[in-house]
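Observations on the model geometry
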Amino acid sequence: MSSESTSPAPQQPPSSLGSLSLPEHRRTRDRSPSPLRRYLIPSPLPTRRTRTFSATVRASEGPIYKGVCKCFCRSKGHGFITPADGGPDIFVHISDIEGEYVPMTGDEVTYKVCSIPPKNEKLQAVEVVIVHLAPGTKHETWSGHVISS
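Residues numbered from 1 in each chain as written. Predicted model: local features only at pLDDT ≥ 70, side-chain atom pairs only at ≥ 80, totals over all residues. Heavy atoms only, no water.

1. Observations regarding the overall build of the protein
This is how it is decided: Only DSSP runs of H or I covering at least 4 residues are called helices, and only runs of E covering at least 2 are called strands; the numbering of each starts at the N terminus. The classification of residues rests on relative accessible area computed with a 1.4 Å probe and restricted to protein chains. Under 20% of the type maximum is buried, over 50% is exposed, and intermediate values are partly exposed. Here a residue-residue contact requires only that any non-hydrogen atoms of the pair lie within 4.5 Å. The Shrake-Rupley method, run with a 1.4 Å probe, gives the accessible areas here. Residue values count only the displayed protein chains as cover.
In terms of helices and strands, the protein carries one helix and eight strands. Along the protein, from the amino end to the carboxyl end, the secondary structure elements read α-β-β-β-β-β-β-β-β. When burial is assessed residue by residue, the protein has 24% of its 149 residues classed as buried. Summarising the internal contacts of the protein: among those between residues at least 6 apart in sequence, 53% fall at separations of at least 24. By element, 57% of the accessible surface of the protein is carried by carbon and sulfur atoms, the whole surface being about 11500 Å².

Have a look at this one:
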């Protein structure tokens, strides 16, 4: 009898490559960030902070338009403006609103426009100023005070 123990050899997983195998660190696939995996995904919404300097300059040199706030959700941070001259609604981000009041449905506003990347087909309202509060509605300031108009 021999003193060598007969232990079974470790089994290799079957591979279509035969005896070739990938290094251990290459076996897992890198995945894109996902909220389910506790990674942050950058917001696709263009903000004042993420807009390029040249786009900001072009918008500030453009004409001033008038419109009415169609809707705005403070918790989501964006809304839409209906232009006074007609046409499709224009997106507005919370970072582009000037003044002390949160826009409400029916508020008259002035704004300038900037194109939304990557295709630059749609427009976004920038430098939005509320010029007339909608009558009969309660308006909230950014600090949380409620004022009825």
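Once you've had a look at it, read on.
2. Some details on the packing of aromatic side chains
This is how the line gets drawn: Between rings of Phe, Tyr and Trp, where Trp is taken as its six-membered ring, a pair exists when centres lie within 6.5 Å; planes separated by under 30 degrees are stacked, by over 60 edge-to-face, and by other angles tilted.
In the structure shown here, the tally under the stated rule is two aromatic pairs. Ring plane angle 75° and centroid distance 6.0 Å describe the contact between Phe80 and Phe91, whose orientation is recorded as edge-to-face. In this pair, Phe80 sits in strand S2 (residues 78–83) while Phe91 sits in strand S3 (residues 90–93), placing the two residues eleven residues apart along the sequence.

3. A look at unusual backbone geometry
Positioned with a positive phi, Glu127 is a non-glycine residue whose angle comes to about 50°. Relative to the elements of secondary structure, Glu127 occurs in strand S6 (residues 123–132).

4. Details of the environment of Tyr101
On the secondary structure map, Tyr101 appears in the loop between strand S4 (97–98) and strand S5 (108–115). C-alpha separation for the pair Tyr101 and Val129, spaced 28 residues apart in sequence, amounts to 9.4 Å.

5. Topic: the state of the cysteines
Note the following rule: The disulfide criterion is simple: two cysteine sulfur atoms within 2.5 Å.
One pass over the full model with this rule turns up zero disulfides. The cysteine Cys71 is free of any disulfide, with Cys69 supplying the nearest cysteine sulfur at 6.6 Å. With a relative accessible area of 32%, Cys71 lands in the partly exposed category.

6. Points about the pairing of strand S1 (residues 65–73)
As a general feature of sheets, a regular strand has side chains that alternate between the two faces. We count it as follows: By this definition, two strands are paired if DSSP reports at least two bridges between them.
Looking at chain direction, S1 and S5 are connected through four bridges and run antiparallel. The residue of S5 that forms the bridge with Val68 is Glu108. Pairing of S1 with S2 involves six bridges; the strand directions are antiparallel. From the neighbouring strand, Cys73 faces S2, where its bridge partner is His78. The turn linking S1 back onto S2 is made up of four residues, and Gly77 within it adopts a positive phi angle of 90°.

7. Quick notes on the pattern of salt bridges
What counts here: The term salt bridge refers to a side-chain nitrogen of Lys or Arg lying within 4 Å of a carboxyl oxygen of Asp or Glu.
Per the stated rule, a full pass over the model turns up three salt bridges. Where Asp89 meets Lys70, a salt bridge forms, and the shortest distance between an N and an O atom there is 2.6 Å. Of this pair, Asp89 sits in the loop between S2 and S3 while Lys70 sits in strand S1, placing them 19 residues apart in sequence. A residue is classified by how much of its surface remains accessible, and Lys70, at 44% relative accessible area, is partly exposed.

8. A few points about the pairing of S2
Of the two faces of S2, only one is covered, namely that formed by Gly79, Ile81 and Pro83; the face formed by His78, Phe80 and Thr82 stays uncovered. Across four bridges, the pairing between S2 and S3 is antiparallel. Its bridge partner lying in S3, His78 is registered against His93. Hairpin geometry of S2 and S3 is characterised by an intervening segment of six residues between the two adjacent antiparallel strands and by a positive phi of about 90° at Gly86.

9. Observations regarding the nonpolar core
Our working definition: Within this scheme, the nonpolar core is defined by two criteria: the residues are buried Ala, Val, Leu, Ile, Met, Phe, Trp, Tyr or Cys, and they are joined through side-chain atoms within 4.5 Å.
Counting twelve residues, the largest nonpolar core consists of Cys69, Phe72, Ile81, Ile90, Val92, Ile97, Val102, Val109, Tyr111, Ala125, Val128 and Ile130. Those elements giving two or more residues to this core turn out to be S1, S3, S5 and S6. Residue contributions to this core peak at three residues, all from S6. If sequence neighbours within four positions are ignored, Val128 has contacts with Ile81, Val92, Asp96, Ile97, Glu98, Val109, Thr110 and Tyr111.

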